[in-house]
Amino acid sequence: MESASGKVFRYHEETKHHFHRYARSAGSLDWRNQPDPFRVYAGAARFALPLLREDPRAGCMALYDRADTPAQAADAGTLGAFFELSLGLSAWKTAGGSRWSLRMNPSSGNLHPTEAHLVWPGAADLPAGVYHYHPFHHMLERRMALPEALGIEIGKALGSGAFMVGVSSIFWRESWKYGERAFRYCLLDAGHALAALSFSAALLGWRVTALNGLTDEAVAALLGFDRTAWPELAEEHPELLCAVHPADTEAPRGLPPAIIAAFPEVPIAGSPNPLSGRAVNWEIIYEAAAATRKTTDGGLEAGPLPDRPFIDAPHPALSAAAVIRRRRSATAYHAGKGIDREVFFGILDKTLPRRACAPFDLGAAKPSVDLLLFVHQVMGLEPGLYYLLRTTDDPAPMAALASPDLPWTPACTHLPLYLLRSGDFRNTAAKVSCHQDIAGDGVFSLGMIAEFRKAVAADPHIYRRLFWESGMIGQVLYLEAEAAGIRGTGIGCYFDDAVHGLLGMADDRRQSLYHFTAGVPVEDRRLGSLPPYGHLEAARRAGSV
């Protein structure tokens, strides 16, 4: 009988892209069957959240360092800001007769498999309950009305001013387009969402902390998933439940068993909408999802993070909220345009885990992902292949796994950045990223190299968390690119083993899990843009929402 870790390793190998073949997908898109990007719970009570009249004025460093941001009271107003600046709509794009929404959090193919849920102890302007966040209407749908006594117990367990937020995945939204590789993309999107929530919380003086002590079964019970009648292949799979609390306080890593046991006794409300007329079952995805479930309490301690200062880098003129709202995915870059090395170093610096700094102090697991960089157009820095150590300051362990002829030459006195090979890697970067020019035309591109075989063999659930960490790094890079006046794009299509070959790695002790590129964008002037919530403001004035 195949072990859980064996199923995970098989999934990962079978879903690799290769030069001679791509991972299996539908091959063509059935646009009439495209999944609905918005989940609705019909029949659930609805609570409108206010939109921000004025954004927080804090600068970009407030995204990471919360020291100078006082904690705001948790109520319906601040909840509205929390969700608006993390998972809300950022704009509508138009072209010809088509219109589609963009969100603060990115998603592979703009398909948005990630859903968010709120476990709220109760406040004067919002009763205790379990809610689903609906980004189109910027509202909460109440799936469980919690008894007052249970809300009080939750408040005691979490601490004053705290609540819980959870993210889940709907695999069919991604597999409709990407087939069996979609499970990877759902996990990356969950990581982007977790970082987006952490950044938004930081602007309110809050911190997001992973409740690692909970099993997936417990999270499903707390969010009501175990008692929901799901449409075919439209179920939500729990990813992670987190505490959101004042940044100057600590949060528990779990909940008392009596609280978890009380939830199945609470009536559930709301019927989830079908997403497609016909869903296709990519069985290998659901097999991998089952193999990576968190089935045991506790564990997954992140350990202490380094107390490292931020390096001195140019400060962007934009506010943190403006950067969040401006985030987009580029589709093409102006080849040959670059940035200064100090700006580049500042971008890389934000990806390093730090104590008491968002988003990596979320504590989902210990840092396990480094960056393999293709540097193309950084003024004052030699083009070439570089490696940024995020998991240690010592290059020796990674050097022992790589080709012995790589020199590992220090490239920055303030960062664990090493030059592996100098030269023009633009064509190589594009080639290993599925022949996509955008990986070679920009300022830089990269692959995220994760500790893999040993970690996943010890606990298959770590597979999810490695992708979450990669998605969180991607969210940092998106915002830092915008702050630097350029633009980023996540890349899920790459030739896995060809990337490993650049380092001389012949086994799966390390694996590349995500690619990213940044550069000076070519704007598509055929696209129009509309405000994110013009439809909502008109509907609320008319009293129809």
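Look up a bit, the structure's there.
Residues numbered from 1 in each chain as written. Predicted model: local features only at pLDDT ≥ 70, side-chain atom pairs only at ≥ 80, totals over all residues. Heavy atoms only, no water.

> So what exactly am I meant to see when it comes to the overall build of the chain here?
Helices and strands together make up the secondary structure of the chain, namely 17 helices and 21 strands. Relative to its length of 545 residues, the chain is compact, with a C-alpha radius of gyration of 22 Å against a globular reference of 24 Å. Projected onto its principal axes, the C-alpha positions of the chain cover 65 × 60 × 50 Å. In the chain, which comprises 545 residues, the proportion classed as buried is 58%. Residue pairs at least 24 apart in sequence account for 82% of intrachain contacts in the chain once pairs closer than 6 positions are excluded. Accessible area of the chain: about 20,600 Å², with a carbon and sulfur share of 52%. In the chain, the 53 positive side-chain charges and the 59 negative ones have mean positions that sit 4 Å from each other. (Helix = DSSP H or I, 4+ residues; strand = E, 2+ residues; numbered from the N terminus. Rg over C-alpha atoms; globule rule 2.2 N^0.38 Å. Buried < 20%, exposed > 50% of the residue type's maximum accessible area, 1.4 Å probe, protein only. Contact = heavy atoms within 4.5 Å. Areas by Shrake-Rupley, 256 points an atom, 1.4 Å probe, with all protein chains shown as cover. Lys, Arg positive; Asp, Glu negative; His and termini not counted. Charge placed at Lys NZ, Arg CZ, Asp CG, Glu CD.)

> What is the right way to read the packing of aromatic side chains from this model?
The description of an aromatic ring pair rests on the distance of the ring centres and on the angle between the ring planes. Applying the stated criterion across every chain yields a total of 30 aromatic pairs. Geometrically, the ring pair formed by Phe82 and Phe83 is tilted, given 5.2 Å between the ring centres and 55° between the ring planes. On the accessibility criterion, Phe82 (0% relative accessible area) is buried. In this structure, Arg327 is placed above the aromatic ring of Tyr478, and the distance from its NZ or CZ to the ring centre is 4.8 Å. (Phe/Tyr/Trp six-rings, centres within 6.5 Å; stacked < 30°, edge-to-face > 60°. Lys NZ or Arg CZ within 6 Å of the ring centre and 35° of its normal.)

> Even after reading the chapter, I still don't get the pattern of salt bridges, so can you show me in this structure?
Pairing is possible between side chains that carry opposite charge, provided their charged atoms lie close to one another. Tallied over the full model, the rule gives 34 salt bridges. Between Arg173 and Glu115 there is a salt bridge, with the nearest N and O atoms lying 2.8 Å from each other. Remark: Glu115 occurs in strand β5 (residues 114-120) and Arg173 occurs in helix α4 (residues 171-178); sequence separation between them is 58 residues. In this structure Arg173 comes out as buried when scored by relative accessible area, which is 1%. According to the relative accessible area criterion, Glu115 is buried, its value standing at 3%. Measuring nitrogen to oxygen at the nearest pair gives 2.6 Å for the salt bridge that ties Arg426 to Asp424. Note on Arg426: relative accessible area 36%, which makes it partly exposed. (Salt bridge = Lys/Arg side-chain N within 4 Å of Asp/Glu carboxyl O.)

> What is the right way to read the sheet that holds strand β4 (residues 98-103) from this model?
Strand pairing within a sheet occurs via backbone hydrogen bonds; the two strands may be parallel or antiparallel. Read across the sheet, three strands follow the order β4-β3-β21 without closing on themselves; strand pairing throughout is antiparallel. Each edge of the sheet is formed by a strand with only one pairing partner; in this case those strands are β4 and β21 (528-530). Looking at each pair of strands side by side, their axes are set apart by 30° on average, direction ignored. With six bridges connecting them, strand β3 (residues 89-95) and β4 associate as antiparallel partners. Its bridge partner lying in β4, Ala95 is registered against Ser98. (Pairing = 2+ DSSP bridges. Axes fitted to C-alpha atoms, helices over the stretch in contact; angles between N-to-C directions.)

> Just to check I follow, could you spell out helix α8 (residues 283-291) for this structure?
Within α8, the full set of buried residues consists of Ile284, Ile285, Tyr286, Ala288, Ala289 and Ala291. Elements in contact with the buried residues of α8: α1 (4-14), α4, α5 (182-202), β10 (237-246) and α15 (462-483).

> Is there a simple way to explain the state of the cysteines in this structure?
Here, disulfide denotes a covalent bond that connects the sulfur atoms of two cysteines. Under the counting rule described, the total for this entry stands at one disulfide. Two residues share a disulfide in this structure: Cys434 and Cys493, whose sulfurs sit 2.2 Å from each other. Its S-S torsion of approximately -90° makes the covalent link between Cys434 and Cys493 left-handed. Here Cys434 is found in the loop between α12 (426-432) and α13 (438-441), whereas its partner Cys493 is found in the loop between β19 (487-491) and α16 (496-503), with 59 residues between them in sequence. For Cys493, a relative accessible area of 23% corresponds to the partly exposed category. (Disulfide = S-S within 2.5 Å.)

> When you look at the packing of α5 against α15 in this model, what are you seeing that I'm missing?
To describe two helices that pack against each other, one gives the angle between their axes and the distance between the axes. Running from N to C, α5 and α15 cross one another at 55°; their axes reach a closest spacing of 7 Å. By the angle between their axes, α5 is oblique relative to α15. Pair α5 / α15 crosses with right-handed handedness. Residues Phe183, Arg184, Leu187, Leu188, Ala190, Gly191, His192, Leu194, Ala195, Ala196 and Phe199 of α5 form the contact with α15, whose participating residues are Tyr463, Arg464, Phe467, Trp468, Ser470, Gly471, Met472, Gly474, Gln475, Val476, Tyr478 and Leu479. Classifying every residue of the contact of α5 with α15 gives 15 nonpolar, six polar and two charged. (Parallel < 35°, antiparallel > 145°, perpendicular 65-115°, else oblique. Left-handed = near helix turned anticlockwise from the far one by under 90°. Nonpolar A, V, L, I, M, F, W, Y, C, P; charged D, E, K, R; others polar.)

> Sorry if this is basic, but what is going on with the sheet that holds β19 here?
Reading across from one edge, β16-β17-β15-β13-β18-β20-β19 is the order of the seven strands in this open sheet, with antiparallel pairing throughout. In this open sheet, the two edge strands, each paired with only one partner strand, are β16 (409-410) and β19. In this sheet, strand β20 (residues 510-519) lies alongside strand β18 (residues 444-451) in antiparallel orientation, the contact comprising eight bridges. Counterpart to Ser445 in the pairing with β20 is Thr517. With respect to the sheet, helix α10 (residues 341-350) is in contact with β13 (369-375), β15 (384-388), β17 (417-422) and β18, its orientation differing from that of β13 by roughly 160°. Here α16 sits on the sheet in contact with β13, β15, β17, β18 and β20, set at roughly 90° to β20.

> Whenever I open this one, the pairing of β20 confuses me. Can you help?
A regular strand places its side chains on the two faces of the sheet in alternate fashion. When you tally the buried positions in β20, you get 10 out of 10 residues, the bulk of the element. Of the strand pairs in this sheet, β19 and β20 are connected by five bridges, and their pairing is antiparallel. Each bridged residue has a counterpart across the sheet, and for Arg487 the counterpart in β20 is Gly519.

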